[in-house]
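Observations on chain architecture
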Amino acid sequence: MERFFQLKELGTNVKTEILAGVTTFLTMVYIIFVNPAILSAAGVPFNQVFVATIASAVIGTLIMALFAKYPIAIAPGMGMNAYFTSVVAVHGISYQIVFGAVFLAGVLFLLLSFTKLRETLIHSIPASLKYGITSGIGLFIAFIGLKMAGIVVANPGNLVAFGDLHQPVTILSIVGLFVTLILIARKVNGALFIGMLVTAVIGYFTGDLKFDGVVASPPPIVFFDIDIMGVFTNGLYTVVFAFLLVTIFDTTGTMIGVAEQAGLMKNGNLPKVKSALMADAVATTVGATLGTSPSSAYIESSTGVAAGGRSGLTSIVVAILFFLALFFSPIVSAISSLPAITAPTLIIVGCYMMEGLSKINWKVFDEAFPAFAIILTMPLTASIATGISIGFITYPLMKLVSGKGKEVHPILYVFGAIFIVQMIFFPSH
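What counts and how
- Residues numbered from 1 in each chain as written.
- Predicted model: local features only at pLDDT ≥ 70, side-chain atom pairs only at ≥ 80, totals over all residues.
- Heavy atoms only, no water.
- Core = buried A, V, L, I, M, F, W, Y, C linked by side-chain atoms within 4.5 Å.
- Buried < 20%, exposed > 50% of the residue type's maximum accessible area, 1.4 Å probe, protein only.
- Helix = DSSP H or I, 4+ residues; strand = E, 2+ residues; numbered from the N terminus.
- Contact = heavy atoms within 4.5 Å.
- Axes fitted to C-alpha atoms, helices over the stretch in contact; angles between N-to-C directions.
- Parallel < 35°, antiparallel > 145°, perpendicular 65-115°, else oblique.
- Left-handed = near helix turned anticlockwise from the far one by under 90°.
- Nonpolar A, V, L, I, M, F, W, Y, C, P; charged D, E, K, R; others polar.
- Patch = residues over 30% accessible without salt bridge, like charges linked within 9 Å, V, L, I, M, F, W, Y side chains within 5 Å.
- Areas by Shrake-Rupley, 256 points an atom, 1.4 Å probe, with all protein chains shown as cover.
- Salt bridge = Lys/Arg side-chain N within 4 Å of Asp/Glu carboxyl O.

1. Some points on the nonpolar core
Phe 84 and Ile 388 are the most contacted members of the largest nonpolar core, which has 123 residues in total. The element contributing the most residues to this core is helix α12 (residues 237-262), with 14 residues. Excluding residues that lie within four positions of it along the chain, Phe 84 makes contacts with Leu 39, Ala 42, Val 44, Tyr 95, Val 98, Phe 99, Val 102, Phe 243 and Ser 293. By size, the runner-up hydrophobic cluster in this structure holds five residues, among which are Phe 5, Leu 7, Ala 65 and Ile 316.

2. Considering the packing of helix α9 (residues 168-185) against helix α17 (residues 339-352)
Running from N to C, α9 and α17 point in directions that differ by 45°, and their axes come no closer than 8 Å. One element, α9, and the other, α17, form an angle in the oblique class. Crossing geometry of α9 relative to α17 is assigned as right-handed. Taking contact as the criterion, the partners of Val 169, Leu 172, Ser 173, Gly 176, Leu 177, Thr 180, Leu 181 and Ile 184 in α9 are, on α17, Pro 339, Ala 340, Pro 344, Ile 347, Ile 348 and Tyr 352. Looking at the contact of α9 with α17, its residues break down into 11 nonpolar, three polar and no charged.

3. Comments concerning a nonpolar patch on the surface
A cluster of nonpolar side chains, Trp 362, Phe 365, Phe 369, Phe 372, Leu 376 and Leu 380, forms an exposed patch at the surface whose accessible area comes to about 640 Å². Mapped onto the elements of the fold, Leu 376 is located in helix α18 (residues 365-381). Taking relative accessible area as the criterion, Leu 376 reaches 40% and is therefore assigned partly exposed.

4. Focus on the pattern of salt bridges
In this structure the tally under the stated criterion is four salt bridges. Measuring nitrogen to oxygen at the nearest pair gives 3.0 Å for the salt bridge that ties Asp 366 to Lys 404. Pair noted here: Asp 366 is in helix α18 and Lys 404 is in the loop between α19 (384-401) and α20 (410-425), with a separation of 38 residues, a long-range link. Here Glu 367 makes a salt bridge to Lys 399, at a shortest N to O gap of 2.9 Å. Residue Glu 367 is located in helix α18, and its partner Lys 399 is located in helix α19; the two are separated by 32 residues in the primary sequence. Summarising the burial analysis for this pair, Glu 367 and Lys 399 share the class buried. Several salt bridges converge on common partners, so that one network encompasses Asp 366, Glu 367, Lys 399, Lys 404 and Glu 407.

5. Digging into unusual backbone geometry
The phi dihedral of Lys 187 falls on the positive side, at around 60°, and the residue is not glycine. Topologically, Lys 187 is positioned in the loop between α9 and α10 (191-206). For Ala 382, which is not glycine, the phi dihedral falls at a positive 55°. Looking at Ala 382, the relative accessible area reads 25%, which means it is partly exposed.

Take a look at the structure:
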């Protein structure tokens, strides 16, 4: 094991790697509660999402561990799950069709992992759009959390309004939010997970949370018929592109950030990057056939690196712990069914995703406005694809009229034109 993962060369040992794996797992295990809670709102059977979430996390993380050998964990990504639910609601289509879109995005990601087009795509898209997309998704997620908590509610006169603070779920959500914020402020490892547990305990004693058991046999793994043809008949091309683009950005950015922190970058490059991206692409593709939204590398992996994790052994530990979680479906089902437990996590994760805003040059208007347009439209239209489309249309247009057209990569003009045609003639969101 030491030889396979080159622990001595990396300055680590088995004990440190196990501790790092447990740390990473505790900081990201919230996804097995949050993901079923979000996707079941789109009509996907709870047990289906629960098993699919764990299966894609185990598969992706094991590929990362054994082939790329990085201390980076994979699981269904936040933002994409909320977007998945909104696509089902806005279009009035079956979730099988949207899983078809996820599957196509996964296959495209898999193919791109073998080509240089992936690097071209990543380098051609300006930083302001990347940060705008991430921040827009952050606001979108936070808004979903606020709605789940009842902190904001529908209002016919003003679309949204402040909720009723006398509602038990809303009170518990606010308590859970402040408990989790205190834990984060105190730099407690696994703050999101511990915050959920504390909220669950409070909910149990107030009678809002009821358990039907603790341990149970794992639900069966079921492959269901995803509707790929429905993607084409409903013109969900932008949705496929949104799933693909965000997954590529999210995964690549996270991998580079965590690898940099672990000292694994060499001359500014990430060795074995194809194997690392393959882990995400396979997890997304398989996850779609089982019943979950796209997977991504988790920035929470940085907590494991901070605890000393440097090799794929850290990821092996994470995968094992995710597998063991399969046997606790009654607890997961109960916690996921009470919005007050999962809503605070969505709000806080949304805040984490706003970090890139500081890196946008707000003094240069043709850089700032496209990012602003993305950030504004994603939560207001409940569509990540719409935000991306508007960003890709306004950026080259602004640069062109500013006399900076040559600064824009030709691929952006192509995408801009495609999105204009899509939005006018084939609206899908």
